[in-house]
Structure formats: C-alpha cells, structure tokens
Amino acid sequence: MSDPAESIREGHARPQQAFPGTVQQNVIIPVPEPFHFQMNLDYLSRSDNECMFHVQNDKLYKLVPYGEKQMEHALIEISAGQGHSLNIRFLGDVPPSEACRLAAVRYVQIWFDFDTDLNPFYRMANRDPLLKETVKRFRGLRLIGIPDLFEALCWGILGQQINLPFAYTLKRRFVEQFGHSVSGGGHELWQFPAPEIIAGLEAEQLTRLQITNRKAEYLIGVAALIAEGKLSKPMLQQEPDFAAAVKRLTAIRGIGPWTAHYVCMRCLRVPSAFPIEDVGLHNAIKLMLSMERKPTLDEIRQLAQAWTGWEAYATFYLWRMLY
DNA sequence: CTCCAGGGTACAC
DNA sequence: GTGTACCATGGA
C-alpha cells in the first residue's frame, strides 16, 4: 500500500441532516484484491457480546484513537463503497481534522491488514488439503487485527483456558468498568481501558468481575510495563526478528508461547506467527480431517510445513471453520 | 456430575 | 529441556 495520504479521495461531503447537529464528512479508501467486505463483517459479527465495535445493517462502527498519546477518538462508520473501495463516515459533532482523517484511514488499513498481499497465501492454500475448503468458503476474509498492543495482550490473557463466550463477557465487564464510552450519530462506542488505569488497580477490583486472581495479576503486571514505558508496540516492531519479539513477550509473567504468538498475529501482523498450542486450531484440524482425536503437536507441525510464512493466516482461516 | 475451554506457572527430575 | 499438578470459572 502506498502512502495513505495519497490514497485518500474526498467523498461527497454534502451537508445532510440525517442526525441534526452532526457534521458528516466521508473518506473513500481503495481496497486491495482479494477483499470481500461482507465476509469480514460476518467474522466481526461472530459474537453478539463484542464491546469494542458494532456491526449493524452491513455497516461497522468503531472508535479510533489518534493524536497525542492516542488521547483523542474519532467515531467512524465503515461501509462498502462503490467498486473496490470502503467508505468511512465520521460521526463526531465537529468536522474531522486532517490528522483525524489520516489516522482513521490508516487504522482501517491496519485493522483489515490491507498491507498484505493475499494472493500468495491463496495460491498455497488452494493446493493444501487442510486449507482448500476454508479459503474457498471464506475468500476475501482478511486477518482482522487488534491494533492496540495493550488490548491485544489483555484479550489474549482473558481468553486463556476459558471458552470464548465467557471471554467476551469478561472483556465487556473489564471495558465497561475501566474504559470510557463516546457517543455520536446514535451510536455508543467504548475505548479500551488505559494501561495507566489498570496498573493502579488492586487484584480484587478485577476478581470481582470473575476474572481469576492469576489473570488479574497478569493484567496488572502487563499494564504496569506499558504504563512505565518498558513495553510498547514500536519496541516490539523494532526487534531484529519475530523470534526476538516472542522472546521478549514470553519473558513477561502471564505471557506464554500461545499468547506471544497470538499477539504477534493479531497486533504485530507477523504472517508466520503460529499459536500452535491453540485448542481451537486443534479442533479445526480434527474436524477438517475427520479425526477421532485431536492432533498432536508433531502432527500439526507436519501439516503446517506447507504453510511456511503463512501460519497466521492458515490458523485464522481454520478457526473460521469452527465459528 | 463430568468434561472441556482460543494456557501459564511453579516445581520436580 | 521434559513432565506434572494446579489454577479457577462458565458452559455443554
């Protein structure tokens, strides 16, 4: 993808009054092929307990952080545009600044992983017995990211060893207890709790949300590292390679190989990140191969040899077969 | 009641 | 380095 500033085209910012008192201004961004907006919306709709964005009437609503220390937020609506494009509409009560619009465009590009060319993955997967079916069924789905490092780490920790619906419930309680909401255009969206807030909590403030004491300690510890500037997304991105980022992450209490790879996959956008211990991956393989039992790690390593460089996308597409 | 869930730590050897 | 108990809670 070229410089995002060059890829922005002005939409028709007519002064409509669909929501009296609000200012509408659109930005249209091109999308790479293959991309299928509805396929991605279907993924984003998989939990009705999701609290960090809304899907409604084929449109996606999200609060995008930007500006100094990510302290400002833009409420945006993302919808399919004409041809190969997405339309971003700003729902704030003032016209978005240039910085705000650039941030929103870049956020969407990162969220949907527009920087990755999926064609090599599809060429590989079309020949792979395990992936052939899922890439046919979900063609145009991209690996949806969690751009914020703290959010990605928290989501990984919260999801450890519990079922997914309960993990969503815990995230919602966590966000609604310690985050802030912003309203606009008839929608209310939440910003994820700041690490500085979580770092100052007592474990008991999290355990009363039914988060286990162990995970409460993990969350507070990770929040403190980020709040103190000892851990950041640029810091991990500047590591010489992916293995170094994993090593740095797994040195943190509460972050094992699964969580480290999960964060590399969803936040750092490492295409070869591979949470091989993932029970969802195991169940997907068991399902696709009609196995009586879950595959062993060695068996998965054998199957994944063909995925080299695309382990993250392979995992994401296999997960999709389960939900 | 039992088993499982998008794991990780602490400790043994 | 590999193996094991334990963590703690909701859902099927």
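These figures come from a predicted structure and were not determined experimentally.

A.B. asks: Teacher, can you tell me more about the environment of Gly-179 here?
C.D. replies: Position of Gly-179 relative to the elements: it lies in the loop between α7 (164–178) and β7 (180–184). With relative accessibility at 12%, the residue Gly-179 sits in the buried group. Sequence separation between Gly-179 and Trp-190 is 11 residues, and the spatial gap between their C-alpha atoms is 6.7 Å. Excluding residues that lie within four positions of it along the chain, Gly-179 makes contacts with Phe-174, Trp-190, Gln-191 and Pro-193.

A.B. asks: Would you take a moment to explain the UniProt feature "domain: HhH-GPD" (unreviewed entry) in chain A for this structure?
C.D. replies: Taken from the UniProt record, the annotation "domain: HhH-GPD" (unreviewed entry) applies to residues 158–323. Counting secondary structure, residues 158–323 comes out at 56% helix and 6% strand; the distance between its end C-alpha atoms is 19 Å.

A.B. asks: Would you mind showing me how to read the protein's contact with DNA strand B here?
C.D. replies: Taken together, the neighbourhood of DNA strand B is formed by 25 residues, with Arg-46, Leu-164, Thr-259, Tyr-262 and Trp-319 sitting nearest. Elements supplying a minimum of two residues to the surface near DNA strand B: α10 (213–227), α13 (257–266) and α14 (279–288). A per-element tally of the surface near DNA strand B places α13 first, with 4 residues. Taken together, the residues of the surface near DNA strand B break down into 11 nonpolar, 9 polar and 5 charged.

A.B. asks: I tried to follow the protein's contact with DNA strand C on my own but got confused; where do I start?
C.D. replies: As a matter of local geometry, DNA strand C sits amid Gln-161, Asn-163, Phe-166, Gln-210, Thr-212, Asn-213 and Arg-214. For DNA strand C, the fraction of protein-proximal atoms (within 4 Å) that sit in sugar or phosphate groups is 76%. One of the side-chain nitrogen or oxygen atoms of Asn-163 is found 3.4 Å away from a base nitrogen of DNA strand C. Within the side chain of Gln-210, an N or O atom sits 3.4 Å from a phosphate oxygen of DNA strand C. Grouping the constituent residues of the surface near DNA strand C by class yields 1 nonpolar, 5 polar and 1 charged.

Reading guide: rules and limits
- Residues numbered from 1 in each chain as written.
- Chains lettered and ligands numbered in written order.
- Predicted model: local features only at pLDDT ≥ 70, side-chain atom pairs only at ≥ 80, totals over all residues.
- Heavy atoms only, no water.
- Helix = DSSP H or I, 4+ residues; strand = E, 2+ residues; numbered from the N terminus.
- Buried < 20%, exposed > 50% of the residue type's maximum accessible area, 1.4 Å probe, protein only.
- Contact = heavy atoms within 4.5 Å.
- UniProt positions renumbered as here; feature names shortened; annotations may be inferred.
- Near = heavy atom within 4 Å.
- Nonpolar A, V, L, I, M, F, W, Y, C, P; charged D, E, K, R; others polar.
- Polar contact = N/O pair within 3.5 Å; in protein donor to acceptor, adjacent residues only side chain to side chain.

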